[in-house]
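Summary of structural features
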Amino acid sequence: MKKISVEINAADRTAKINPELYGHFAEHLGRCVYNGIYVGENSPIPNVRGIRTDIVEAFKKIKLPVLRWPGGCFADGYHWKDGIGEKASRKKMLNFNWGDVMEDNSFGTHEFFDLCEQVGCEPYLAGNLGSGTVQELAEWVEYITFDGVSPMADLRKANGREKPWKLKYLGIGNENWGCGGSMRPEYYADEYRRYQTFCRNFSGNELFKIACGPNADDYYWTEVMMKNLNEWHTRGISLHYYTVPTGDWNKKGSARYFSDEEYYSTISGTLRMEELITRHSEIMNRYDPQHKIGLIVDEWGCWYDVEEGTNPGFLYQQNTMRDAVVAACNLNIFNSHADRVVMANLAQAVNVLQSLVLTDGKNMVLTPTYHVFDLFKSHQGGEAVYCYTENQTVGKGAEIPMVSCSASVKDGKLTVTLANCSIEEEADVDISILGFAAGSAEARIVTDECHALNDFDNGEKVVPKDFAASINNGKVSAVLPPCSVVSVIVS
Ligand code: AHR
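Because the structure is predicted, anything quoted here is derived from the model rather than measured.

What counts and what doesn't
Residues numbered from 1 in each chain as written. Predicted model: local features only at pLDDT ≥ 70, side-chain atom pairs only at ≥ 80, totals over all residues. Heavy atoms only, no water. Pairing = 2+ DSSP bridges. Helix = DSSP H or I, 4+ residues; strand = E, 2+ residues; numbered from the N terminus. Axes fitted to C-alpha atoms, helices over the stretch in contact; angles between N-to-C directions. Contact = heavy atoms within 4.5 Å. Near = heavy atom within 4 Å. Polar contact = N/O pair within 3.5 Å; in protein donor to acceptor, adjacent residues only side chain to side chain. Areas by Shrake-Rupley, 256 points an atom, 1.4 Å probe, with all protein chains shown as cover. Disulfide = S-S within 2.5 Å. Buried < 20%, exposed > 50% of the residue type's maximum accessible area, 1.4 Å probe, protein only. Arc of directions from axis to C-beta. Salt bridge = Lys/Arg side-chain N within 4 Å of Asp/Glu carboxyl O. 1 Å grid on protein atoms, 1.4 Å probe; cavity = no way out; pocket = protein on both sides within 12 Å on 5 of 7 lines; lining within 4 Å. Points joined across faces, edges and corners; volume = space filled by probe spheres on them. Nonpolar A, V, L, I, M, F, W, Y, C, P; charged D, E, K, R; others polar. Domains from an automatic or database assignment.

Now for the sheet that holds strand E20 (residues 413-420). Read across the sheet, 10 strands follow the order E23-E22-E26-E20-E19-E16-E1-E21-E25-E24 without closing on themselves; strand pairing throughout is mixed. For this open sheet the edge positions go to strand E23 (465-467) and strand E24 (470-472), each flanked by a neighbour on one side alone. The mean inter-strand angle of the sheet, taken between neighbouring strand axes irrespective of direction, is 25°. Helix H9 (residues 321-336) contacts strand E16 (383-390), strand E19 (403-410), E20, strand E22 (441-447) and strand E26 (484-490) of the sheet and is inclined by roughly 50° relative to E19.

Attention now goes to the site of the ligand. The local shell around the ligand holds 13 residues, among which Glu27, Cys73, Glu175, Tyr242 and Glu299 are the closest. One nitrogen or oxygen atom from the side chain of Glu175 is found 2.8 Å from an oxygen atom belonging to the ligand. Notes on the ligand: free accessible area 280 Å², of which the protein chains cover 93%.

Note on terminology: a disulfide is the covalent bond linking the sulfur atoms of two cysteines. Under the definition given, this model contains one disulfide. Linked covalently through their sulfurs, Cys73 and Cys179 form a disulfide whose S-S length is 2.2 Å. Between Cys73 and Cys179, the disulfide has an S-S torsion of -90° and is therefore left-handed. Of this pair, Cys73 sits in the loop between strand E5 (66-69) and strand E6 (93-95) while Cys179 is found in the loop between strand E9 (169-172) and helix H5 (185-197), placing the two residues 106 residues apart along the sequence. For Cys73, a relative accessible area of 12% gives the class buried. Taking relative accessible area as the criterion, Cys179 reaches 32% and is therefore assigned partly exposed. No disulfide involves Cys116; its nearest neighbouring cysteine sulfur is the one of Cys121, lying 3.9 Å away.

Along helix H1 (residues 53-61), the residues that are buried comprise Ile55, Val56, Ala58 and Phe59. Looking down the long axis of H1, one finds its buried residues gathered within 160° of arc, a one-sided arrangement. Where H1 is buried, its residues touch strand E4 (51-52), helix H2 (109-119), strand E14 (357-360), strand E15 (363-366) and helix H10 (368-376). Phi turns positive, to about 55°, at Lys63, one or two residues after H1.

Oppositely charged side chains can pair when the atoms bearing their charge come close. This model, assessed by the stated rule, comprises 29 salt bridges. It is possible to trace a salt-bridge network through shared partners that takes in Glu41, Lys87, Arg90 and Glu111.

On to the layout of surface pockets. Reported here for the largest pocket is a volume of approximately 390 Å³. Counting residues per element, the ones that place at least two in the lining of the largest pocket are H9, E16 and E19. A per-class count over the lining of the largest pocket returns 12 nonpolar, eight polar and one charged. Residue contributions to the lining of the largest pocket reach at least three from each of two domains, namely domain 1 (2-7 + 387-490) and domain 2 (17-381).

In this section: the environment of Ala58. Tracing the backbone shows Ala58 in helix H1. For the pair Ala58 and Tyr370, spaced 312 residues apart in the sequence, the C-alpha separation amounts to 8.9 Å. When sequence neighbours within four positions are dropped, the list of residues in contact with Ala58 reads Val357, Met364, Leu366 and Tyr370.

With that settled, consider the pairing of strand E21 (residues 427-434). Most of E21 is tucked away, with six of its eight residues classed as buried. Pairing geometry for E21 and strand E25 (residues 475-480), over six bridges, is antiparallel. Within E25, the position partnered with Ser432 by the bridge is Lys475.

Attention now moves to the sheet that holds strand E12 (residues 294-302). Spatially, E2-E5-E8-E9-E10-E11-E12-E13 is the arrangement adopted by the eight strands of the closed barrel, whose pairing is parallel. The average undirected angle you get between the axes of adjacent strands in this sheet is 25°. Inspection of the sheet shows E5 paired to strand E8 (residues 122-127) by four bridges, in the parallel sense. What sits directly across from Val66, in E8, is Glu122. Docked against the sheet, helix H3 (residues 134-145) engages E5, E8 and E9, running at close to 160° with respect to E8.

What is shown is where atoms sit, not what they do.
Have a look at this one:
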């Protein structure tokens with residue numbers, strides 16, 4: 001057992017934690033949308049207008065705040081007008097990014113906004129800059145948000161939606177350095193400026209426009225964006241970073257069968273998020289000291305080799321306790337950078353990469369990652385507070401800090417979330433709290449052996465349980481088992 005001290009100063013409020021830090025992403029990829037979220041109105045699986053009821057309920061339970069759609073790489077090949085009107089006559093397309101399967105466009109703009117309304121979350125659209133036109137994107141905004149008589153508003157009404165929707169988050173392109181057009185940053189910045197000019201604020205709707213940002217440690221991309229864009233052009237710049245256990249994109253490693261060394265290299269790789277955010281923020285701080293432009297980590301999570309026997313273009317992978325620890329480490333990092341990071345979206349919500357939910361026909365399981373979002377949900381909308389961990393080092397091959405931690409205050413309660421990243425040793429954690437009268441502590445835990453997972457034979461192997469944390473003289477103490485994620489709510 002290793003001793004760890006955490007110091008929290010609840011009077012030192014560092015930033016508001018935007019609920020959107022707990023956001024998600026659904027792409028037209030594999031079984032995320034079709035045969036995942038969307039089963040169609042005639043499906044025997046319970047649904048509302050084709051959208052699976054059990055998935056909506058699961059999303060509501062974790063207070064899913066924002067959903068990004070329709071891609072990903074899919075976004076820069078997507079033409080929104082193909083996805084409106086009579087379903088039978090919608091134009092089909094080839095999903096050339098993801099397995100060359102036929103996309104029938106039966107899930108389009110109306111279905112996506114219906115999903116967001118059912119969940120009660122903000123929609124976040126990724127617009128097509130790579131293969132679309134300025135007019136096409138401008139008309140999408142008009143179609144969705146214009147309240148009055150106009151060609152696009154009339155088309156929306158003819159398709160059954162009288163009142164406009166609210167649309168806040170609008171991404172203009174995705175990974176335009178790669179699948180979104182292989183652009184150089186200087187060229188993209190100019191294109192972005194042109195596109196965003198024609199995306200208007202109609203009828204009281206205010207767009208929060210987001211520019212494509214860097215891939216992982218491409219600091220030059222961020223520098224060029226910040227030099228060429230200001231807060232009138234953009235409110236956010238995205239960052240994509242995936243955790244690949246082996247660091248080798250040709251042989252990423254298995255989601256469920258991995259050695260101790262691979263476990264630690266995964267956690268070490270995921271903790272790189274701290275350095276990436278810090279260094280991109282340093283660049284942003286030079287151009288935008290007042291933090292008018294946010295960093296939007298709109299793709300993150302673990303990316304493994306696909307499950308054996310599944311379509312390689314569908315990116316289906318299982319999800320273990322290792323992923324739960326990864327999720328907790330990243331969410332703690334986002335909380336502690338909430339002054340600059342204003343949204344983050346795990347890739348992806350259902351059946352793709354590090355999912356919240358896996359489905360097989362009518363069956364659905366919640367992954368260990370899902371349960372971490374459940375444990376962390378009370379951070380949403382809170383104020384992050386100073387939290388310092390006097391850490392110990394653990395690991396095999398890769399050395400990592402043993403405990404990850406963050407804290408926030410909301411409605412007179414202090415939420416502290418911790419992960420013990422060691423798979424061998426307990427962490428004996430003492431949390432000293434300043435600036436907050438700690439009277440009682442309620443704790444919950446997600447823990448198991450690091451390969452443990454939920455599947456269709458046993459969907460309840462890894463679930464949150466009540467956990468004992470004690471309070472003595474305002475100090476909270478708990479012994480965290482190896483490979484565990486804990487939330488403590490202090491009141
Ligand atoms: O999430 C899968 C893919 O990863 C997305 O489509 C793309 O943006 C990224 O490369």
